[in-house]
Amino acid sequence: MAVWIRTSACLLSALLVAIGVGVPAVHAQNWGTVEGTVVDDASATPLPGVTVLVDGTNFGTATEEDGTYQMRLPTGTYALRFSAVGYEARVDSVTVERDAASRVDVALAIDVVEMDQVLVEEGTFAPDAGVHRLDPETVQSMPTPFKDGFRALKVMPGVATNTELSQQYSVRGGGYNENLIFLNGFEVFMPFRPRQGEQEGLGLLNPAMAERMTFYTGGFPVRYGGKLSSALDVQYHETQGERIRGSADLSLLDASVHARGAALDDRLSWNVGVRHAQPGRFFGTQDLKGDYDPVFTDLQGTFTYRIADGHEFDALGIYADHQFELDPTNQRTYFGILSLDPDVPSNLQALWVDFDGTRQDGYTTEFLGTRLSNRLSNRLRMSHQLAYFGTRESEFFSITGDSELFRVDPAGDPNSGAGHFGIGTSTQTDFADNSVSVETLSGGGRYNLTLNRNAMEAGWDLRGLRFTDTIDERAVIDTRVQRGSGEREDLRIVADSLFDAAQFSEMQAGVYAENAIDVLPTRGRLSVTGGLRADYYSFNEEWTFSPRLSATFQASENLSLSGSWGLYHQAPTYRELRGNPDFAEGIRDALNRDIQSQRSMQVVLGGEYFLPGRRLYLRAEGYYKHLDNVISYTIEDIRVQYSGENDATGFVYGADLQLRGELIPGLESWFNYSYMVARERIQPEFQNAFNQGLVPRPSDQRHTFSAFLQDTIPGDDSWKAHLRLLFGSGLPYTPPVPGPRDEATGRVLQIPGPRMSGRITAYRRVDLGATKRVTLFETGQRAPVHLDLTMELLNVFDMTNTVSFNWIPNADNEWTRVPNRLTPRTINARARISF
């Protein structure tokens, strides 16, 4: 992996040189030096540890013990910001010339603050353990197939990665269904029953509309609710006192427009966005060929109306319609071993499939949330909200595939079939006409009170849920097997069949209270947050109680420590309740009224050290989760299939490391490495011969590495390059083993084998983008209009990645593992106008 990373870094440098024709290749030749001394204005005493930044960025340094500083900058004119605790910040300008030293000496004046006037503001003491912030502008710079905020999370610490097609994500050993998502304080949901990543469409998070993204990978406060793994809190822009701002974006795969502004003398703030994607060309690069016709459309809008000073009404509306159609034609997948060693024989195989049929999937989501916020005094605020979320998901497919397995001579011709020797044929017909509708109506209130060194908050929420589920699916395999007598016989195997429909409604309620305290006499040195949450779920008439505690300690100017402990409960909703019904019981009979909420006791300890000389942050966190009342599950591609029973216990432990900083002023880069172990033990009453003892959880990705690098052309900062690297070790899966012989056909059936005993191959991917910014026009009264022209090379090294396996029978009554591959190297071009 180290060679792969070094190669990627060299590729980034080479691209910068290649696109900067006529620009010197040596970075240092276009930089200069800024140096100086910072002293106390009254005593002229040198000041150590003063932060010196390029204003508006995180790029800079800090003064030494004698008050001196020095840093290198690209040529140009900059505003430098000098700041230190207890002193008034100061901004001075400097012009940096090539290979020259510019001097800026500064005297800082003491800042007199009446400490009793300092109030604890909401969010000041948000627990740092497991908390990461992501700039939406950076998200839009990442080279990804779609500008989707959820896909950007895959370059965050602790997030597993194994596919570029899906917006689903797993955090610190959790499942796809264990993540909370809030847009402007309203909870929204991922698709409930996706089967494959390309069907999901665009995530509901529109990064062009977002102002800030806060990602809790552990230790999130009680106000966010009770899922087991993470919480994502996204706030959209609220405009006041500025002209209309926005952007328009067009690429070979998608397009979008967004704008925000204010009206009615700034009493009304608005922010709207439209996205449309037709990524059929991208999906068509997979082994499965056919007529791909995905059409994804998303419309969102936020509105805030200031009724009076301290009183606001705001609303968020979303309409998303994602349709996916595919008429598959054929698939050619080669797999196995191709040996270059004459002493090691090759074992290359191929699966050729000819398809007949069609597939149609649809995801339609409607959301409307409203909130009334009131500031009753400088210390007391409250808000009340009401929201509706509705989604309808449908899938229809009727596809017949004629498959033939080959043993392949490495010298064979994949076009003509020469050197391909058949070892088995089969025909599989898959049919489904399924739909699920989920509707929620939610209400809640929040109340905030600040008293001296305390920030107190309490709240309540009430939610009604209705699920409507219709299933009609079956899978039939026709194959030819060889009997003991040598005769070949055609056999038909009904692998799966189910037809049923059900509707049920339930209610959830919750209350919480928390308090954040500034503990030490020196303000901001130690803060402690404690809270308690209670939740009720009508389906199983269960009450759960979740205490949580977190603390942050500023050990020195450069070192901060943090920790959290808490209990987290996740009530079983649609995915967990539905389980995996069979044709004999149906949906309603599969519902388990005795099922309990899954529970996780979590401990997180971490620290962050600031390297002032290089303006780098080194962050490390370790965590442990004890899991009980676990509802076990399996994953095929991205479909999660729960058992519907509290049938396991488990644990997860690991560590996340991150190094981040601005290598170029205003452009943040970072590297992440995560190590994790996730294990579970099936309870005795649910054990069989293949699931005993400690086994990996489906999310057990031992090693992950991710990086996002940004750079500019030496001497021309209108060119920027962006590099995204992803590596994830193989996820576990359960391979099938020979089971009982079918009495009617004599065929040996396949049953699930040793639980999670196999591993998918590691996921490796590098995406690269280069952007040229052109300023179309600029005036002093409004924001300049920029045109960004981007070329993206996705999967630069054409890595072959596998997301799951199919199992195909051959003529010897054996089943062969065939990989489902992801996308190869793809080129995308993008143009974006911002104003």
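Residues numbered from 1 in each chain as written. Predicted model: local features only at pLDDT ≥ 70, side-chain atom pairs only at ≥ 80, totals over all residues. Heavy atoms only, no water.

Re the confidence of the model for the protein
Next up, step 1: Looking at the protein as a whole, the pLDDT averages 86, with 89% of positions reaching at least 70.
Next up, step 2: Across residues 14-29, where pLDDT falls below 50, the model places 27 contacts with residues more than four positions away in sequence or in other chains.
Next up, step 3: Contacts of residues 113-127 to residues separated by more than four positions or lying in other chains number 24 contacts, the stretch itself having pLDDT below 50. (pLDDT = per-residue confidence, 0-100. Contact = heavy atoms within 4.5 Å.)

Notes on unusual backbone geometry
Of all residues except glycine, most have a negative phi; of all peptide bonds, most are trans.
Next up, step 1: Here Ala 44, not a glycine, exhibits a phi torsion of approximately 65°, which is positive.
Next up, step 2: Topologically, Ala 44 is positioned in the loop between strand E1 (31-40) and strand E2 (51-54).
Next up, step 3: The phi dihedral of Asp 265 is positive, around 55°, even though this residue is not glycine.
Next up, step 4: With respect to the helices and strands, the residue Asp 265 is situated in the loop between strand E17 (254-263) and strand E18 (268-277). (Helix = DSSP H or I, 4+ residues; strand = E, 2+ residues; numbered from the N terminus.)

With respect to a nonpolar patch on the surface
Next up, step 1: The grouping of Ile 244, Val 774, Leu 776, Phe 777, Ile 833 and Phe 835 at the surface amounts to a nonpolar patch, some 490 Å² of accessible area in total.
Next up, step 2: Ranked by residues supplied to the nonpolar patch, first place goes to strand E42 (residues 763-777) with three residues.
Next up, step 3: Relative to the helices and strands, Val 774 is located in strand E42.
Next up, step 4: By relative accessible area, which is 30% here, Val 774 ends up partly exposed. (Patch = residues over 30% accessible without salt bridge, like charges linked within 9 Å, V, L, I, M, F, W, Y side chains within 5 Å. Areas by Shrake-Rupley, 256 points an atom, 1.4 Å probe, with all protein chains shown as cover. Salt bridge = Lys/Arg side-chain N within 4 Å of Asp/Glu carboxyl O. Buried < 20%, exposed > 50% of the residue type's maximum accessible area, 1.4 Å probe, protein only.)

Notes on the pattern of salt bridges
Proximity of charged atoms lets side chains of opposite charge pair with each other.
Next up, step 1: This structure, assessed with the given rule, holds 41 salt bridges.
Next up, step 2: For Glu 506, the salt bridge goes to Arg 593, with nearest N and O atoms at 3.2 Å. Placement of the pair is Glu 506 in strand E25 (residues 488-518) and Arg 593 in the loop between helix H6 (586-590) and strand E29 (598-611), with a sequence separation of 87 residues.
Next up, step 3: Given a relative accessible area of 41%, Arg 593 falls into the partly exposed group.
Next up, step 4: The partner of Arg 702 in a salt bridge is Asp 700, with the nearest N and O atoms 3.1 Å apart.
Next up, step 5: Put simply, Arg 195, Arg 359, Asp 361, Glu 395 and Arg 639 are held in one network by salt bridges that share partners.

Remarks on the nonpolar core
Next up, step 1: Membership of the largest hydrophobic core comes to 68 residues, with the highest contact counts inside it found for Leu 134, Tyr 169 and Leu 183.
Next up, step 2: At five residues, strand E20 (residues 311-337) tops the list of elements feeding residues into this core.
Next up, step 3: Residue contacts for Tyr 169: discarding those within four places in its chain leaves Phe 150, Leu 153, Val 159, Gly 175, Tyr 176, Asn 179, Leu 180, Ile 181, Met 190, Phe 215, Ser 230 and Leu 232.
Next up, step 4: With 22 residues, the next largest nonpolar core counts Leu 80, Val 94, Val 96 and Leu 108 among its residues. (Core = buried A, V, L, I, M, F, W, Y, C linked by side-chain atoms within 4.5 Å.)

Describing the environment of Gly 225
Next up, step 1: Its location among the elements puts Gly 225 in the loop between strand E14 (210-216) and strand E15 (230-236).
Next up, step 2: Take Gly 225: its relative accessible area is 8%, and that puts it in the buried class.
Next up, step 3: Between the C-alpha atoms of Gly 225 and Ser 546, which are 321 residues apart in sequence, the distance is 9.5 Å.
Next up, step 4: Here Gly 225 is in contact with Leu 180, Phe 220, Arg 533 and Arg 548, once residues within four sequence places are set aside.

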